[in-house]
Amino acid sequence: MKNWRIKVPASTANLGPGFDSVGLALDRYLTLTVSSHHLWEVKALSPSLEEFPSDETNFIVRTALDTANAYGIELPPCLVEVKSDIPLTRGLGSSAAAIVAGIELADTIGDLGIPKKKKLELAAKYEGHADNVGASLYGGLVIACETDDGIELQHIDDLPISVITVTPKEELKTEEAREVLPEKIHFSESVKAGAVSNVLIAALLKQDWKVAGRMMKGDFYHQPYRKQLLPHYEKVEQIADKNGAFGVALSGAGPTIACFVEEEKANWLYYKLHQALPHMLVQNLSIDNKGAAIKSYAHDAAL
């Protein structure tokens, strides 16, 4: 069996009003190196991953085994060395990247030949929606929705922007972030929310950054409710607004905040946020336009 490297990008989702439908791939990665082994063994190469199981009960391996089983294939056991620079449970798509990595692991070592659209459907079934997994799979900006006929996804890979993310040390559980959302939204408010989301996408495609930023701020779906869980939000937004960001939004369900900025202004914004918030993880991220990538290599070749 060949040895493989599987590399899956992080993602930010929603971008304000694009709730559970808009995702953007970022250049932080979950990376698997895979080789033949006498049993399933997962070796954590990053400290943040050491708490996870090291056998076939590991989430990535279970995803791979379940995927292969759906195709009637039994995968040969492998040594899977895993490293990640995606912060866990912080709204940057760590679980989505793990799901995509598991599906790619099954497809690669099982030689399943799964079409990308089918990978998206499988990943969305595991994750619950297609925004994060779509971004990690395709790269770039994705807009997705689930219909009676399956998932529809549009992919744009040429946005000339950077994303400065601000991540606190404290975790915000997805369940807690979901609990603060209303069970229902009045019809007239939902119409307005949908319109804001539509204009956001149009503004991004036209590279009208000012309008895109206003639409991010004009979200009705989730940010008005979740901001109360994040005492650092207003400070981040104020600093970002004064230093070149055209838009600020929760990254996924939080607690990471994503500040969207034109590429030439990114370094300055990063400096100002890092200076003002030294106790938080501030990252200057670019868009990953490739999505999940698989590479084979010889056993004794350097990665």
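Shown above is the structure to which this text applies.
1. Quick look at the packing of aromatic side chains
Throughout the structure, instances matching the rule amount to four aromatic pairs. Relative to F246, the ring of W209 has its centre 5.1 Å away and its plane inclined at 25 degrees; by these criteria the two rings are stacked. A residue pair is termed long-range when its members are at least 10 positions apart, and W209 in helix α7 (residues 209-217) and F246 in the loop between α9 (233-242) and β8 (247-250) qualify at 37 residues. For the residue pair W209 and F246, the accessibility class agrees, reading buried in each case. Centre to centre, the rings of W268 and Y271 are 5.6 Å apart; their planes meet at 35 degrees, and the pair counts as tilted. Residue W268 and its partner Y271 are located together in helix α10 (residues 266-276), separated by three residues, close to a single helical turn. Overall, the relative accessible area of 46% leaves W268 in the partly exposed class.

2. Quick look at the pairing of strand β7 (residues 161-167)
It is a general feature of regular strands that their side chains alternate between the two faces of the sheet. In terms of burial, β7 is a largely internal element, seven of the seven residues being buried. Burial along β7 is two-sided: the residues I161, V163, T165 and T167 and S162, I164 and V166 are all buried. Alignment of β7 against strand β9 (residues 257-262), held across six bridges, turns out to be antiparallel. The residue bridging I161 from the neighbouring strand is E262, located in β9.

3. Considerations on the pattern of salt bridges
For the structure shown, the criterion picks out seven salt bridges. For D20, the salt bridge is made with R178, and the minimal N-O distance between the two is 3.3 Å. One end of the pair, D20, is in the loop between β1 (3-13) and β2 (22-36); the other, R178, is in helix α5 (residues 174-179), with 158 residues separating them in the sequence. Two residues, E104 and K119, come together in a salt bridge whose shortest N-O distance is 2.8 Å.

4. Observations concerning the sheet that holds strand β10 (residues 281-286)
As summarised here, the arrangement of the four strands in space is β8-β9-β7-β10, forming an open sheet in which the pairing is antiparallel. Unpaired on one side and paired on the other, β8 and β10 mark the two borders of the sheet. On average, adjacent strands in this sheet sit at an angle of 25 degrees to one another, irrespective of strand direction. Helix-sheet contacts for α10 involve β7, β9 and β10, and the interaxial angle to β10 is about 170 degrees.

Each value, and the rule that gives it
- In every chain, residue numbers begin from 1 and rise along the written sequence.
- For a predicted model such as this one, the threshold for reporting local features is a pLDDT of at least 70, and the threshold for listing and counting side-chain atom pairs is 80 or more; totals across whole chains, interfaces and linings nevertheless cover every residue.
- Each side-chain value is derived from all of the structure's non-hydrogen atoms; neither hydrogens nor water enter the calculation.
- For Phe, Tyr and Trp, rings pair up if their centres lie within 6.5 Å, where Trp contributes its six-membered ring, and each pair is then called stacked (planes under 30 degrees apart), edge-to-face (over 60) or tilted (otherwise).
- Comment: elements are numbered from the N terminus, with helices defined as DSSP H or I runs of at least four residues and strands as E runs of at least two.
- Relative accessibility under 20% of the residue-type maximum defines a buried residue, over 50% an exposed one, and the middle range a partly exposed one, all with a 1.4 Å probe and only protein chains included.
- When DSSP locates at least two bridges between a pair of strands, those strands are taken to pair.
- Any Lys or Arg side-chain nitrogen found within 4 Å of a carboxyl oxygen on Asp or Glu counts as a salt bridge.
- Note on geometry: axes are lines fitted to C-alpha atoms, helical ones only across the stretch in contact, with angles between N-to-C directions running from 0 to 180 degrees.
- By definition, residues are in contact when any of their heavy atoms lie within 4.5 Å.

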